[in-house]
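# Chain and residue survey
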Amino acid sequence: MAMTASSRAPQGGGSSDSERSPFVRLNELLAPHQPGKPLITLAVGEPQHPVPDFVGPVLAKHIADFGRYPANKGTDPFRKAAGAWLSSRFKLPRPLDPESEVLVLNGSREGLFFAAITAARYVGPRPGKPAILMPNPFYPVYGAGARAAACEPVYLPTTVENGFLPDLDAIDEATLARTVAFYLASPANPQGSVASRDYFLRLKQLADRYGFVILSDECYSEIYTREAPGSALECAGPDFTRVVAFQSLSKRSNLPGMRVGFAAGDKKFISMFLELRNVAAPQVPVPLQHVATVAYGDEAHVEENRRLYRIKFDLADQIIGNRYGYRRPDGGFCVWLNTSELGDDVSVCLKLFKEAGVRVVPGSYLARLQPDGFNPGAGYIRLALVQDGETTAAALHRLVETLG
């Protein structure tokens, strides 16, 4: 069934409350209350595993480089390391050119934001109101980027029925014709679903047919417990036309505070992206790029990272079992639980905080209302398994004991 105009979100994306940060809303929800037990927070996806051992020595060696302005393009060693890592990690059509197809970012979040503005310039005029498509629930920066680019955010519901990925066959031609960009997260946040090669190929066919850009958010690609997720770049063709992938060291290397990532792909887009970033975007300090260069050349700490997450998902398998529609995600470190039979998700989160001292996010805070009033996140709660194994086990036991 095609997605008609009535299936699209209204311009502006719904209520003003739904446009706010889900974490600010969560803070306001919980502020009047005290946790019923010593607090364990599984709300924010902030990795708590140890920082890699090489970070300190590399920073110390290059500390003097904090005394100069960094170039927005990124250092040659960093871009070469990022490009080499992509070529070794994924089955790309060809190696990326680090000079023209890789660009350093101050973390993937700001890159994803500015990419929407670049996409609007790259694509040019559209018939009707230009649109940027995104999954629903989604990472809030996608919606912010769409609004900054003066585009209508179009929310594509991701539910258990469609495998928690946007249903590409449900988008009508009129919407596709005015599409500027399509945000896709694989592995998805919050559900952990992973796009298959066939899915990426189908999306690339649509991008080529209608002329929009795929903005592929792959910051969780290195967190998995079974098969390694693929990349949209693998299906982008020999010139990576209309495909840009975004990566970050936050999850892969437990460096969320370092704020280093990169964008890679279509060289025309990357060139336009750099022009915008030269006047508007934050630069990445050179010492941090030296750390990132080393990080992308080392897989030992990444495998250890995966091992620690594997242990915690084993705990979730054992403790949660078949409750709340739990399934071990294909990627990422979040658990997406259906608690709709226990009440609305906001009330469930408040109950967990007040009685169990466990802080989680209501699924409805991570999504937007569809025009028919349906919120695809409603009835779900999101847990980020970022704490150590012992703390995670304690939180999961409390959750099960409290919710039954």
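Criteria and thresholds
- Residues numbered from 1 in each chain as written.
- Predicted model: local features only at pLDDT ≥ 70, side-chain atom pairs only at ≥ 80, totals over all residues.
- Heavy atoms only, no water.
- UniProt positions renumbered as here; feature names shortened; annotations may be inferred.
- Helix = DSSP H or I, 4+ residues; strand = E, 2+ residues; numbered from the N terminus.
- Expected span 1.5 Å × (residues − 1).
- Buried < 20%, exposed > 50% of the residue type's maximum accessible area, 1.4 Å probe, protein only.
- Salt bridge = Lys/Arg side-chain N within 4 Å of Asp/Glu carboxyl O.
- Domains from an automatic or database assignment.
- Contact = heavy atoms within 4.5 Å.
- Buried area = accessible area lost by both parts, 1.4 Å probe.
- Polar contact = N/O pair within 3.5 Å; in protein donor to acceptor, adjacent residues only side chain to side chain.
- Nonpolar A, V, L, I, M, F, W, Y, C, P; charged D, E, K, R; others polar.

The name given to the protein in an unreviewed UniProt entry is Aminotransferase, and the organism recorded there is Bradyrhizobium hipponense. Regarding the protein, the UniProt comment filed under Sequence similarities (unreviewed entry) reads as follows: "Belongs to the class-I pyridoxal-phosphate-dependent aminotransferase family." Database annotation for the protein, UniProt heading Cofactor (unreviewed entry): "pyridoxal 5'-phosphate".

In this section: helix H4 (residues 108-123). Over its 16 residues, H4 extends 22 Å from the first C-alpha to the last, a length consistent with the 22 Å expected when each residue adds 1.5 Å. Of all 16 residues that make up H4, 12 are buried, and the element is covered over most of its length. Backbone geometry just after H4 places Gly 124 at a positive phi near 85°.

This next bit is on the UniProt feature "domain: Aminotransferase class I/classII large" (unreviewed entry) in the protein. Following the UniProt record, the feature "domain: Aminotransferase class I/classII large" (unreviewed entry) maps to residues 38-376 here. As annotated, residues 38-376 has a helix share of 37% and a strand share of 15%, and its two end C-alpha atoms lie 31 Å apart.

On to the pattern of salt bridges, then. Scanning the entire structure with this criterion turns up 21 salt bridges. In this structure, the salt-bridge partner of Asp 76 is Arg 79, at a minimum N-O distance of 2.3 Å. Note that Asp 76 and Arg 79 are positioned in helix H3 (residues 76-89) at a spacing of 3 residues, about one turn of the helix. Looking at Arg 79, the relative accessible area reads 3%, which means it is buried. Glu 101 is the partner of Arg 94 in a salt bridge, and the nearest nitrogen-oxygen pair spans 2.6 Å. For Arg 94, a relative accessible area of 27% corresponds to the partly exposed category. Since its relative accessible area comes to 2%, Glu 101 is described here as buried. Look at the salt bridges and you will find they share partners, linking Arg 89, Glu 222, Glu 303, Arg 306 and Arg 310 into a network.

With that settled, consider the domain arrangement of the protein. Taken domain by domain, the protein consists of domain 1 (20-45 + 301-403) and domain 2 (69-297). Put simply, the middle of domain 1 and the middle of domain 2, counted by C-alpha atoms, are 26 Å apart. Contacts between domain 1 and domain 2 engage 27 residues on the former and 30 residues on the latter. For domain 1, the biggest contributors to the area lost against domain 2 are Arg 306, Trp 336 and Arg 368; these three give 21% of the whole. At the boundary of domain 1 with domain 2, the tally comes to 1 salt bridge. Here domain 1 and domain 2 share 15 residue pairs in polar contact (both at pLDDT 80 or more) between them. For the side of domain 1 that touches domain 2, the secondary-structure elements that each account for two or more residues are helix H11 (300-320), strand E9 (334-338) and strand E12 (380-384). When grouped by side-chain class, the residues that make up the side of domain 1 that touches domain 2 number 13 nonpolar, 7 polar and 7 charged.

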